[in-house]
Every structure is written in C-alpha cells, then in structure tokens.
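Examination of the molecular architecture
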Amino acid sequence: MKRSFVIVGAGVAGISAAKAIRAVERECEITIVEEGIAFPYYRAALGEVVLGKKGPEEILIEPLDFYDRACLRLRKGQRVVSVSVSGRYVYLSNNERLRFDALLVATGRREVIPAHLKKYAPHLSTFSTLEDALKIRDALPSLKAALLRGKGFNALELARVLVKSGVQVTLVTPDKRLYYPALPDDENEHLRNLIREAGIQLIEGDDVNRVEEKNKGLYSVELLSGKTVECGLVFASGGFAPNVSFLKNSGIYLNQGVIVDDYLQSTEEGIFAAGDCAEIYHPSIGRYWVNLGHPNAARQGEVAGRNMAGEAMERLEIEKMRPYTIFGEQLYARWWD
Amino acid sequence: MARRQITIQTCGGAGDGSVATGALIARAAVKLGYSVLVYDTFPAEIRGFGKTISEVRVSVEEVTARADAVDVLIGLNNVFAIEQIKTLAEDAVIIYDSLPGITVKESESVPHFAGNYMSPYGVPLEHTAQRVTGRKLGKNVVAVGFLAKLLGLPKEPFHQVLKELFLRKGEKVLSQNIALFDEGYAYEEVEYRLIELEKAPPPGEERVIISGNDAMTRAAVNASLAVFAGYPITPASKLMENLAKELPRYGGIVVQTEDEIAAIGAVTGAWFAGKRAMTATSGPGLSLMSEIINLGVMTETPLVIVNAMRGGPSTGLPTKVEQADLNIALWGGHGDSPRVVLAPTNIAESYAVLQDAFDVAEKYQTPVIVLTDKFIAMSHTSVPASILEEKRGSTRLEYTGPPEAYRRFAITETGVSPWVVPGTPGISYTTSGLEHDETGAPGYDVPNHVAMTEKRFRKFRAMLGDLPAPVFEGPEDGKNLVVSWGSSFGAVEEGVKRLWNDGYSIRLCKMTTIFPQHEDVMRGAFERAEKVIVVEQNRFGQLAKFLKGYYGISADEVHLPGGEPPSPGEVTEAVKERLLV
Ligand SMILES: Cc1cc2nc3c(=O)[nH]c(=O)nc-3n(C[C@H](O)[C@H](O)[C@H](O)COP(=O)(O)OP(=O)(O)OC[C@H]3O[C@@H](n4cnc5c(N)ncnc54)[C@H](O)[C@@H]3O)c2cc1C
C-alpha cells in the first residue's frame, strides 16, 4: 500500500511541507485538509486585497494547476475535528476518517476576541482570512469610520489599509505596548510615531467596554473611560492562539501550540507540527516559543515535510528574530514574549 | 462574474426522488423567469430501479441543448454521487449527504473523490428529513433548499411550487415540505461560496414546462385527433399514456393493440373511414410497421406515425438518444414508396410539426413519419403557454362532383384525388394495394403504372408550400454551410454561435422537412457555400448521404456519437477542424 501523508492546514507551512514530501516520495498519497474554501493564499497580502490592489487570484501561494500537477489531494472546506494517535486516523467534520502514516499539524493561529467582548461578537469584524478581507473591501465605499481594539499585526495592518482608504481610524490599545511580538522600547516609540503620522487616532491605556448597534451597520462603541465613538466597523483582538484545540484529547503534548522537537516532531512518533501552531525550544531564550511569520512557516514546513518522508532526520536551524514590515518599516519582533 | 446559465444534476437511487427534484428546481426557475431544459436518465430495465439522474439547465437565454458540463451535483445517494463525479465540470459544486453520526471511510466519502477544484458541501439531508418528517422521504427537498441559498435565489418561488405540488396531499404534507426546504436554506454549518446567477428577465407571458411527448399530446388533441392506436415502447410510451387520459374527454379513442403491426393497421382503418388517427412508436416498432406504411402509400391513405428514436439497432439502447432511424423512415419501403419525413428540432417545435403532419397527411393522402427522439420526447422545457393553443381541423379535398363520376384515384395536376368517405351513398369507392387504375380497379399495364407512380410522386411537389421550409441563420455568403436536423440541432446552433464569436464564416441550416426536399432553396444554398458540413447523431451520416445523392454535392459528414444528447462543446470540437477559414 502507498504511504499516506496527511497535512492539516493549507497555509504556507502545509503547502511547503507537501512540496517537500513530494520531492522525496513520488509514489505516496498526500492529502491536505483545509477548513477554508479558498485556494491557499498568502495572508500577508490580505491588506492589498482590502485596498483593491490585488484580487484573490493574485495572492495564491501556488498557481491553481499546481495541486493536480503535484498529485496532491486538496480537501478544502473540511475541518479536522480529532486525531487518533494509536489508530492513525484523523476525523473530519464531514464524519470521514482518513488514515495516515505520517501527519503534519500546520493549522496556524487565529485571532481571539477578548473575553469581555465575546458577547458582542456578532458586531465585530475579523481580519485573518480572505473572506474577512473581501467583506471589508466590499464595505469600504460606505465606510466612514472604524474602531480597532488591540495590538499586534492584524490590528495594525487593518489600521494601515483603512486609513489609506480614507477611513477615519481610532486605534485603542489597553496598555502602552503596540505590538504583540514584543518590541524594544525605542522601536515601540518609533511605531507610535508612525501610527500618529498616518493620521490614526491612537488611544492608549483604554479599552472597549460596550458595543451597540444603533442602525443597521452603524455602531456606537463605549470605552472604559466613558468616551464613545461612532463607526461602521469594529475590530477587537485579544491576541492570538494556535489552532490546536482539536488535539486536546489526542495525547499529543500541547502547551499553547504543539510542542515539537528540533526535528519538528511532536511527542508522538510520526506526528509533526510546523508554522504558527508549533512551539519549539529556543536556546537563546531558554524556553519553548512560537515562531511567527510566513518565511518561518515555509521553512518549518519544508523541514517537517522532509523529515516525515525521509529516512534521515534533519534539524531545524533556529533563526534569530526576524524583521517584519509594519507601516512600511522593518521592525524586529518575536511572538509571545 | 455572474453566470448566464448553470446546470444542476440530481442523482439518486430508487425512491430518492431525483426526477421530482429536477422538476422542482425547474418549476421554481421558470417562475423566476429563467429558461430551463430538464434531461432525465434512468436505467432501461425497470423505471425506479437503480441510478436515476435528472439534469436541469437553467439559463437567462432560451436553451434547447444540454450544457457542456454539470456545474452542481446534488447527490441523494453518496455511492451514485461518487460515480457521477468524473462527469462534472472541473470546478463543480457537490451537495452530498453528510450523514451525521456515521463515520465513513475514504472509499465511501464524496469529498475524497471530488477533484481539487471542486467544492463538496456536506449537508445532513437524510438526517434533517428524518427529524422533520420522521421518515427519510423529503431529503431531496432539503437539498433543493440548500441549492437555492447557494444560488442566492429567493425562497418564495420554491414555496409556491411546493404548494402547487403538495397542497392536494394535505396541509401537513405541504407544511412539512416547506419546513424541509427552509431547513436546507438555513443550513449554516458549512462555509460556502455563492454561485452568482445573472437575474432573468422579468417573466413575461405565462410559461409552462412540458416534454416533447406532452407537447405532441396537446398538438394531436388540438389537431382533432380521433383515434390513437399503439403499442408501448420507450421513449414514445408517454404519448399514448397521455392520450389515454386526454383523448376520451374530446370524444376520441385510444386502443392499445397487441403489437405495432396491429397498431398501424388500426390507424390505417381509421383514416380509411375518414378519421384523423395516429400511432407512436420507436425504431423496432417502425420496422414492424413498414409493410402497412407501403399500403398507405399505394392506397393513398393518410397516416401519421410518430417515431421517437432511441439507440439501435434492434432493441438497442431503449433509454438513450440517437438519430439513426432516418434511413428506415426515408427508405424503409418496398417499391417506389415516397413518404413525408418531418423532424422537429426541439420540444416547442414538435407541437407545430405534428399538426403540420396531420394537415399534410390528410390533404395529400399520404403517410407522414415524424421523427423525434428520446431527448425531445422525454426531456422537459419551458415554453410560452400560448404556443400550445393552435387548433387544426380537416384539410381533406372533398369530392363534390356527381356520384357516378367518382374515381378514387383520378389523375390530377397536383396528384391529389378528391376524397370521399367509403360508404357514401351512391358512390362506389374502390381501393387496392395492387397497382390500380383511376377507378381503383387493379391494373398492371405499364403506362398505367408509370402514370400512377408519377401521380404519387407529384403530390410531393405540390405539398412543399404546406411544409416547414429550411431555416437559415448567419451570413448568406458564409463560406461554410452547416446543415443539421433533429434534436442535435440545438447543440449545433449553440456551437455555431460560439464559432461565429471566434470569427468563423458559417451559414447554418435547420432542416425540419427532410422529405420532400425544398429543392430550389437548398440548391441555391449549396451553390453559394464553399463547403458543406452535415452534423447528425448517427454513424452512417444518414442525412449527409441522402443530400449528397440527391443533390450530387460533396459534403463533410460529422457523426456525433449516439447515446447521450451532444453538447455545444462537442459540436464545436467536431466541426471546427473541418471549417474553411
Ligand atoms: C493580515 C495578516 C498579515 C500578515 N502579514 C505578515 C507579514 O507581512 N509577514 C509575515 O511574515 N507574516 C505575516 N502574517 C502572518 C503569516 O500570515 C502567518 O505567520 C503564516 O500564515 C503562518 O502560516 P501557517 O501555515 O503556519 O498557518 P496559516 O497560514 O494560518 O494556515 C493554517 C491553515 O490551517 C487551517 N486550519 C486551522 N485549523 C484547521 C483544522 N482543524 N482543520 C483543517 N484546517 C485547519 C486554517 O484555515 C489555515 O488556512 C500576516 C497575517 C495576517 C492575518
């Protein structure tokens, strides 16, 4: 029987793993299960989609014909709901059971809504998927003002593109840090200036208290300070969490993400993790941490893929902090300080 | 970009209601102003056994052909749905039964077999039906609800159709079906992408959905049909079944005979007695009727025979499509036995063509064979209700002279001899299958036979004005002349339109009257064209060979494979390489 590789998540990490496996093993079966319905794309380009500068077909990780050419089975629109480590099965939301010889968890991370704002979820916009970006793009023509709560990449990127589109943007951060992957103090100050120069109203040390829909698509946001802001879009991020809850009872060891060794193998033989959902020991920090960003996800995917398929195992070279382009500037950051 | 047309296929097993699903989708689409074509496929052996497929093409424009590919598959049975996947468009959407609570292996999983560019959406069809009605019945309505949401269509027209279908079964059945539909419509568990369909023009005049067999039923009743005799055979059976219900209400009678020979005998007898009569059959039945059709030619008795073609030879492919009975229709007689052969190209046309058949048969006292096929006879389409209204009556050339001077086969300029009903007092009516003289008495001398043969052929010139002339589309000076007939014409027409867009110089000819030929018109058309291409769905090139012999022209033959109705894409592919540029 052909060896069967299952990859959960068709982000950068998942796709580069699939390519690496195929390069080593021509005959095996490779199935990528992806919850979203779009063809795999670069999340970093979502801002360009909102701005209308790029269409969905222009931000693809691989051209459309890639999947057939590489003989990959891309199972879009299906979520993995659990994994049986001993049985070597993943279970899908459509009640299907897929057998695997080796499994890669490449499910990325997602933005979480702050606990105290969960009850307003129906009024809140999200910005992590293509669907989100298209929704915001389509709403732009009639959007005058937006309030974004939180720090971190998505909030900042959304602030940048909205203000560029002529939307009046208020950015509220609960503390004096503007970015999740911690920035050194001077970088933080630099970022603060960049935000102000862009014409964004920055409110630090305050938080959203209440969101009320006044008319259809028009919200009144009350801050803890008592201040109210009227706007057509409300975004609230309380940070990120790796998408690993489906592994809870699997026996695979989890911290915030999937704990992996230098070979990107989890605590279970033949089960690997890569990208934004993997937690790996960082010698210079002295503990496990999650690397962020797509260059990192691509590299981890590639190494994990080769290790899943190959005989000899290869170690991941842990990189130093990587620069991120935020507001047109390269800043150094790492996630989960 | 919004699509101008979409094809939805429903596939299921016995009792899953595939055909009913297709009908429900089609009726709602017509209410929204779309044009529809419904093509059903079922196993030949027993209806309601095995895999049944219903395909609905919904379009902003009129459609008379199947689409190139299926865009949406509704799988009411996952095993059958998996089999269908290879026939779908590369980017098709699949709605399948997600069967909550049951873990399926890859080998039983619809999404496992779906291609990388397809979107399989699992919806708990049976589960929902069970919950709403306590039975599995109605899972197809759940699927249609989800489909309507997927296409961004409003609920109301679907509710209306459900009302039309189920109100007579009681309030409870109706409200259950509405609930089933709404559950499907509201199903939110899967992420999906809207399939945008261009809005149809606002519905104008009333439109109804009918099959070719239905249209011909109305046509026959409205053409004063008095007697139908027949023996059931797919795909013609429904015509008899319809008439058995309808005709008695208008004072007519329907006889199911022991075989096709008896059927055509009864029809001959009815016409002999002055009543409009017809039979309907398919290839094997037409073979059996050959002998008596010749009697009709010789005795100048009108006959109307509808032959709904299926795949042959012999019992062949009872539930499939082919245009291969032209040869037997034209040449299936012994002796010099001319008969009128007509072939409507679509469901709407079959109404008028059958009425023409009655009029011409009666006026010119000759057998008329109307060729339809399984595609026309058993598919459904939307037509303006008004085209099913026209009424026709007797076209008989009555004898008005003195009784004693009556000669049944009087030689006239048109070849038509005035007619009386046998038994008219004072008139001696003599007829025979033997060659006869003007009085009807047997006469074998050579000059008489020559004169009588001439007379029988002369009628075919006289009748041309009463028969549909060839219809041309496209530039008169088109380099290429593409000729087609029968149900494949719809695909040919759509295919040629695409080739026009690609810049090809093509004149298109639709031939509804195959014999007699509108010779002057056709000769002119052949002379103008640099190349002639005849497209038809048979292996012989039956029309092509006939035209080549008749006109002494050369022509390229395109033989579309038999079985399923061709698609426009198949036509363009086959025709393109032969075109002069
Ligand atoms: C707006 C935005 C801008 C960004 N800009 C940059 C940038 O400029 N530079 C940079 O380096 N990084 C940027 N990033 C971060 C970068 O996109 C991520 O680090 C990268 O996508 C991680 O790749 P991944 O493959 O690990 O995970 P992801 O890309 O998140 O992919 C994981 C996939 O797994 C799927 N999935 C999750 N759970 C399941 C499940 N149970 N079953 C099936 N499928 C599942 C998800 O739907 C997702 O598609 C940005 C992110 C966003 C949202």
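Once a new chain begins, its residue numbering starts again from 1 and follows that chain's sequence as written. Labels follow written order: the first chain is A, the first ligand is 1, and so on. Per-residue local features are limited, in this predicted model, to residues with pLDDT of at least 70; the limit for side-chain atom pairs, both in listing and counting, is 80 or more; totals at the level of whole chains, interfaces and linings are taken over all residues. Derived side-chain values reflect all non-hydrogen atoms in the structure, with water molecules and hydrogen atoms excluded from consideration.

Some points on the overall build of chain A
- Across its full length, chain A carries seven helices and 23 strands.
- The quantity called the radius of gyration is restricted to C-alpha atoms. Its globule counterpart is 2.2 Å times the number of residues to the power 0.38. Relative to its length of 337 residues, chain A is compact, with a C-alpha radius of gyration of 21 Å against a globular reference of 20 Å.
- Over its C-alpha atoms, taken along the principal directions, chain A stretches across nearly 65 × 40 × 35 Å.
- Counting all 337 residues of chain A, 55% fall into the buried class. Segments assigned H or I by DSSP are reported as helices when at least four residues long, segments assigned E as strands when at least two residues long, and all are numbered from the N terminus. Relative accessibility thresholds used throughout: buried, under 20% of the residue-type maximum; exposed, over 50%; partly exposed, between the two (1.4 Å probe, protein chains only).

Things to note about the packing of helix H4 (residues 125-133) of chain B against helix H7 (residues 171-186) of chain B
All names here are of chain B.
- Axis separation between H4 and H7 bottoms out at 10 Å; the angle between their running directions is 145 degrees. Every pair of crossing elements has a handedness; the one defined by H4 and H7 is right-handed. For the pair H4 and H7, contact is made by Thr-128, Ala-129, Arg-131, Val-132 and Thr-133 and by Gln-176, Ala-179, Leu-180 and Glu-183, respectively.
- Of the residues that constitute the contact of H4 with H7, the class distribution is four nonpolar, three polar and two charged. The angle between two axes is taken between their N-to-C directions and runs from 0 to 180 degrees, where each axis is a line fitted to C-alpha atoms and a helix contributes only its stretch in contact. The crossing is said to be left-handed when, going from far helix to near helix, the turn is anticlockwise and less than a right angle, and right-handed when the turn is clockwise. Contacts are residue-level and defined by heavy atoms, with any inter-residue pair within 4.5 Å sufficient. Ten residue types, Ala, Val, Leu, Ile, Met, Phe, Trp, Tyr, Cys and Pro, are classed as nonpolar, four, Asp, Glu, Lys and Arg, as charged, and the remainder, Gly among them, as polar.

Comments concerning the site of the ligand
All names here are of chain A.
- Being near a molecule or strand, for a residue, comes down to having at least one heavy atom within 4 Å of it. Within the structure, the ligand sits among 30 residues, and Ala-13, Glu-34, Arg-43, Asp-276 and His-294 are positioned closest to it.
- With respect to the ligand, the backbone of Ala-13 contributes an N or O atom lying 2.9 Å from an oxygen atom.
- Side-chain atoms alone can form a polar contact between residues adjacent in sequence; in general such a contact is a pair of N or O atoms within 3.5 Å, and within protein one must be able to donate a hydrogen while the other accepts it. Between the ligand and the protein, one listed contact pairs an oxygen atom with a side-chain N or O atom of Arg-43 at 2.7 Å.
- Sorting the residues of the shell around the ligand by element identifies helix H1 (12-24), strand S2 (29-34), helix H5 (153-164) and helix H7 (294-309) as the ones contributing at least two each.
- A total of three residues in the shell around the ligand trace back to one element, the largest contributor, which is H7.

Section: the interface of chain A and chain B
- In this assembly, 24 residues from chain A lie in contact with 25 residues from chain B.
- Buried area: the accessible surface (1.4 Å probe) lost by two parts on joining, summed over both. Counting each side, the surface lost to burial between chain A and chain B is near 1800 Å², with a carbon and sulfur contribution of 39%.
- It is Ile-37, Arg-73 and Asn-95 of chain A in chain A that bury the most area against chain B; as a group they hold 32% of the surface buried on that side.
- Here, a salt bridge means any side-chain nitrogen of Lys or Arg that lies within 4 Å of a carboxyl oxygen of Asp or Glu. Remark: the boundary between chain A and chain B carries one salt bridge.
- Elements that contribute at least two residues to the side of chain A that touches chain B include exactly helix H3 (66-69), strand S3 (72-76) and strand S6 (96-99) of chain A.
- Of the residues forming the side of chain A that touches chain B, the biggest block, five residues, is contributed by S3 of chain A.
- Of the residues that constitute the side of chain A that touches chain B, the class distribution is 10 nonpolar, four polar and 10 charged.
- We treat two strands as partners when DSSP finds at least two bridges between them. As paired strands, S6 of chain A and strand S6 (residues 104-105) of chain B are joined by two bridges and run parallel to one another. Counterpart to Glu-96 of chain A in the pairing with S6 of chain B is Val-104 of chain B.

Overview of the domain arrangement of chain A
All names here are of chain A.
- By convention here, the domain bounds are inherited from an automatic or database domain assignment. In terms of domain boundaries, chain A breaks down into domain 1 (4-110 + 241-320) and domain 2 (113-238).
- The interface of domain 1 with domain 2 comprises 17 residues on the first partner and 17 residues on the second.
- Taken over both partners, the interface formed by domain 1 and domain 2 buries close to 1300 Å², and the fraction arising from carbon and sulfur atoms is 70%.
- The largest share of the area that domain 1 buries against domain 2 comes from Leu-46, Val-50 and Leu-51, three residues that together contribute 41% of it.

Things to note about the sheet that holds strand S21 (residues 287-290) of chain A
Residue and element names in this part refer to chain A.
- Strand order in the open sheet formed by three strands is S18-S20-S21, with mixed pairing between adjacent strands. Either end of the sheet is taken by a strand with one partner, and the two such strands are strand S18 (258-260) and S21. Direction aside, the axes of adjacent strands within the sheet are offset by 40 degrees on average.
- Relative to strand S20 (residues 278-282), S18 is paired through three bridges, and the arrangement is parallel. Directly across from Val-258, in S20, lies its bridge partner Ala-278.

So, the confidence of the model for chain B
- Here chain B shows a mean pLDDT of 96. Residues at 70 or above account for 99%.
- Both scores are available for the predicted complex, with the pTM at 0.88 and the ipTM at 0.80. Along the chain, pLDDT gives the predictor's confidence residue by residue, from 0 to 100.

Some points on the domain arrangement of chain B
Residues and elements named next belong to chain B.
- Each domain of chain B was delimited in the assignment, giving domain 1 (5-186), domain 2 (209-388), domain 3 (403-465) and domain 4 (471-576).
- Counting residues at the interface gives 19 residues for domain 1, matched by 13 residues for domain 2.
- Across the domain 1/domain 2 interface, buried area totals approximately 1200 Å², and carbon plus sulfur atoms make up 61% of it.
- It is Val-38, Tyr-39 and Phe-42 that lose the most area in domain 1 upon contact with domain 2, and together they represent 36% of the buried surface on that side.
- On inspection of domain 1 and its partner domain 2, the count reaches zero salt bridges.
- Scanning the region where domain 1 abuts domain 2 turns up five residue pairs in polar contact (both at pLDDT 80 or more).
- Contributions of two or more residues to the side of domain 1 that touches domain 2 are made by helix H1 (18-31) and strand S2 (35-41).

Quick word on the pattern of salt bridges
- With the rule as written, the count across this model stands at 62 salt bridges over all chains.
- Measuring nitrogen to oxygen at the nearest pair gives 3.1 Å for the salt bridge that ties Arg-137 of chain A to Asp-138 of chain A.
- Residue classification places Asp-138 of chain A among the exposed residues on the basis of a relative accessible area of 52%.
- The partner of Glu-126 of chain B in a salt bridge is Lys-136 of chain B, with the nearest N and O atoms 3.8 Å apart.

As for the packing of H1 of chain A against H7 of chain A
Residues and elements named next belong to chain A.
- Between H1 and H7, the shortest axis-to-axis distance is 7 Å and the interhelical angle comes to 35 degrees. Viewed along their axes, H1 and H7 form a crossing whose handedness is right-handed. Note on element contacts: H7 touches H1 through His-294, Ala-297, Ala-298, Gly-301, Glu-302, Gly-305, Arg-306, Met-308 and Ala-309, opposite Val-12, Ala-13, Ser-16, Ala-17, Ala-20, Ile-21 and Val-24.
- A breakdown of the residues in the contact of H1 with H7 according to their chemical character gives 10 nonpolar, four polar and two charged.

Observations regarding the pairing of strand S16 (residues 233-236) of chain A
Residues and elements named next belong to chain A.
- Residues Leu-233 and Phe-235 of S16 are buried on one face, and the alternating residues Val-234 and Ala-236, pointing to the opposite face, are buried as well.
- Here strand S9 (residues 124-125) runs beside S16; their pairing, made up of two bridges, is parallel. Looking at S16, one finds that Leu-124 is bridged to Val-234.
- Across four bridges, the pairing between strand S10 (residues 145-149) and S16 is parallel. When the bridges of S16 are listed, Arg-149 appears paired with Ala-236.

Here's the deal with the environment of Glu-96 of chain A
- In this fold, Glu-96 of chain A is placed in strand S6.
- In sequence terms Glu-96 of chain A and Val-80 of chain A are 16 residues apart; their C-alpha atoms lie 9.4 Å from each other.
- Excluding its chain neighbours within four sequence positions, the residues that come into contact with Glu-96 of chain A are Arg-75, Val-90 and Tyr-91 of chain A together with Thr-103, Val-104, Glu-106, Ser-109, Pro-111 and His-112 of chain B.
- Of note is the side chain of Glu-96 of chain A, whose polar atom sits 2.4 Å from the side chain of Arg-75 of chain A.

Some thoughts on the packing of aromatic side chains
Residues and elements named next belong to chain B.
- Side-chain rings of Phe, Tyr and Trp, where Trp is taken by its six-membered ring, are said to pair if the distance between their centres is within 6.5 Å; with planes under 30 degrees apart they count as stacked, over 60 as edge-to-face, and otherwise as tilted. One pass over the full model with this rule turns up 20 aromatic pairs over all chains.
- Seen from their ring centres, Phe-146 and Tyr-187 are 6.4 Å apart, and the 65 degrees between their planes marks the pair as edge-to-face. Here Tyr-187 lies in the loop between H7 and strand S8 (207-211) and Phe-146 lies in helix H5 (residues 139-150), a separation of 41 residues in the sequence.
- A relative accessible area of 0% means that Phe-146 is categorised as buried.
- An angle of 50 degrees between the planes, with centres 5.5 Å apart, marks the rings of Phe-460 and Phe-515 as tilted. Within this pair, whereas Phe-460 is found in helix H15 (residues 446-462), its partner Phe-515 is found in strand S19 (residues 513-515), the two being separated by 55 residues in sequence. This pair shows no difference in class: Phe-460 is buried, exactly as Phe-515 is.
- Among the aromatic residues, those joined into a ring-pair cluster are Trp-331, Phe-460, Phe-515, Phe-526, Phe-546, Tyr-550 and Tyr-551.

Looking at the side chain of Asn-538 of chain B
Residue and element names in this part refer to chain B.
- Its place among the elements puts Asn-538 in the loop between strand S20 (531-536) and helix H18 (542-551).
- For Asn-538, a relative accessible area of 3% puts it in the buried group.
- Within polar-contact distance, the side chain of Asn-538 engages the backbone oxygen of Gln-323 at 2.8 Å.
- Here Glu-536 takes part through its side chain, which lies 3.1 Å from a polar atom of the side chain of Asn-538.
- Apart from residues no more than four positions distant in its own chain, Asn-538 is found in contact with Gln-323, Ala-324, Trp-485, His-559 and Leu-560.

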